[in-house]
Amino acid sequence: MNVIATHVATDNGGKYVRQLCKHWSHKLETQVEGDIGTVTFPTAVATMAADGEGITISITGEDRADLERLAQVVATHIDRFAFREAPLAYDWQWQEQ
């Protein structure tokens, strides 16, 4: 398994996590509990956890190229919801698992 992750600074992280999960719930399996959300894509799972400083996002899956693509998809969608403060700063890093 491969994991790509980032922490995005924003004061509205919980709001964006909930909006993103609701947005994708029509086409994908999503779960939201408070400020923590997961989105299950066909080839990966994105987990987002918001706190007072921002959103920690991790995407787990087999194919690194697919994870890089999904990282951009997630970032683009969050920036749409965060239009007042976008673009947010994403520093995606590969993590050892």
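Everything here concerns the structure above.
Predicted model, so just to flag it, every value in this text is computed and none were measured.

About the criteria used
- Residues numbered from 1 in each chain as written.
- Predicted model: local features only at pLDDT ≥ 70, side-chain atom pairs only at ≥ 80, totals over all residues.
- Heavy atoms only, no water.
- Pairing = 2+ DSSP bridges.
- Helix = DSSP H or I, 4+ residues; strand = E, 2+ residues; numbered from the N terminus.
- Axes fitted to C-alpha atoms, helices over the stretch in contact; angles between N-to-C directions.
- Expected span 1.5 Å × (residues − 1).
- Buried < 20%, exposed > 50% of the residue type's maximum accessible area, 1.4 Å probe, protein only.
- Arc of directions from axis to C-beta.
- Contact = heavy atoms within 4.5 Å.
- Polar contact = N/O pair within 3.5 Å; in protein donor to acceptor, adjacent residues only side chain to side chain.
- Phe/Tyr/Trp six-rings, centres within 6.5 Å; stacked < 30°, edge-to-face > 60°.
- Core = buried A, V, L, I, M, F, W, Y, C linked by side-chain atoms within 4.5 Å.

Novice: Explain the sheet that holds strand E1 (residues 2-9) to me, please; I cannot follow it from the model alone.
Specialist: Two modes of strand pairing occur in sheets, parallel and antiparallel, and in both the strands are linked by backbone hydrogen bonds. Taken in spatial order, the six strands make up an open sheet running E2-E3-E4-E5-E1-E6, and their pairing is antiparallel. Across the chains shown, the open sheet's two edge strands, defined by having one partner strand only, are strand E2 (29-33) and strand E6 (93-95). Across the sheet, the mean angle separating the axes of adjacent strands is 20 degrees when strand polarity is ignored. Of the strand pairs in this sheet, E2 and strand E3 (residues 36-40) are connected by five bridges, and their pairing is antiparallel. Its bridge partner being in E3, Glu29 is matched across the sheet by Thr40.

Novice: Where do I start with helix H1 (residues 13-24) in this structure?
Specialist: One turn of an α-helix holds 3.6 residues; hence residues three or four places apart share an orientation. When the terminal C-alpha atoms of H1 are compared, their 17 Å separation across twelve residues agrees well with the 16 Å that a helix rising 1.5 Å per residue should span. Inspection of H1 places Gly13, Gly14, Tyr16, Val17, Leu20, Cys21 and Trp24 among the buried residues, and these make up the whole buried set. Each buried residue of H1 lies within a common arc of 165 degrees when the element is viewed along its axis, so the set occupies one face. Where H1 is buried, its residues meet E2, E3, strand E4 (44-51), strand E5 (54-61) and helix H2 (64-81).

Novice: Any chance you could explain H2 here in plain terms?
Specialist: The end-to-end C-alpha distance of H2, which contains 18 residues, comes to 26 Å, matching closely the 26 Å that a straight helix rising 1.5 Å per residue would cover. Of all the positions in H2, only Asp66, Leu67, Leu70, Ala71, Val74, Ala75, His77, Ile78 and Asp79 are classed as buried. Check the buried side of H2 and you find it contacts E1, H1, E4, E5 and E6. Two to three positions downstream of the cap, the backbone nitrogen of Ala65 sits 3.0 Å from a side-chain oxygen, assigning the N-cap of H2 to Asp63.

Novice: Would you mind going over the packing of aromatic side chains with me for this structure?
Specialist: Aromatic ring pairs are defined here through the distance separating the ring centres and the angle between the ring planes. Within this structure, the stated rule accounts for two aromatic pairs. Between the aromatic rings of Trp24 and Phe41, the centroid separation amounts to 5.2 Å while the plane-to-plane angle is 75 degrees, which identifies the pairing as edge-to-face. You can see Trp24 sitting in helix H1 and its partner Phe41 sitting in the loop between E3 and E4, a full 17 residues away along the chain. Each member of the pair, Trp24 together with Phe41, is buried.

Novice: I tried to follow the nonpolar core on my own but got confused; where do I start?
Specialist: General note: in soluble globular proteins, nonpolar side chains tend to be found buried as a group. In this structure, Met48, Ile55, Ile57, Ile59, Val74 and Ile78 are the most contacted members of the largest nonpolar core, which totals 25 residues. Of all elements in the fold, only E1, H1, E4, E5 and H2 reach the threshold of two or more residues within this core. Tallying contributions element by element places H2 first for this core, with six residues. The residues contacting Ile55, other than those within four sequence positions of it, are Thr6, His7, Val8, Thr10, Gly13, Tyr16, Val17, Met48, Ala49, Ala50 and Ile78.

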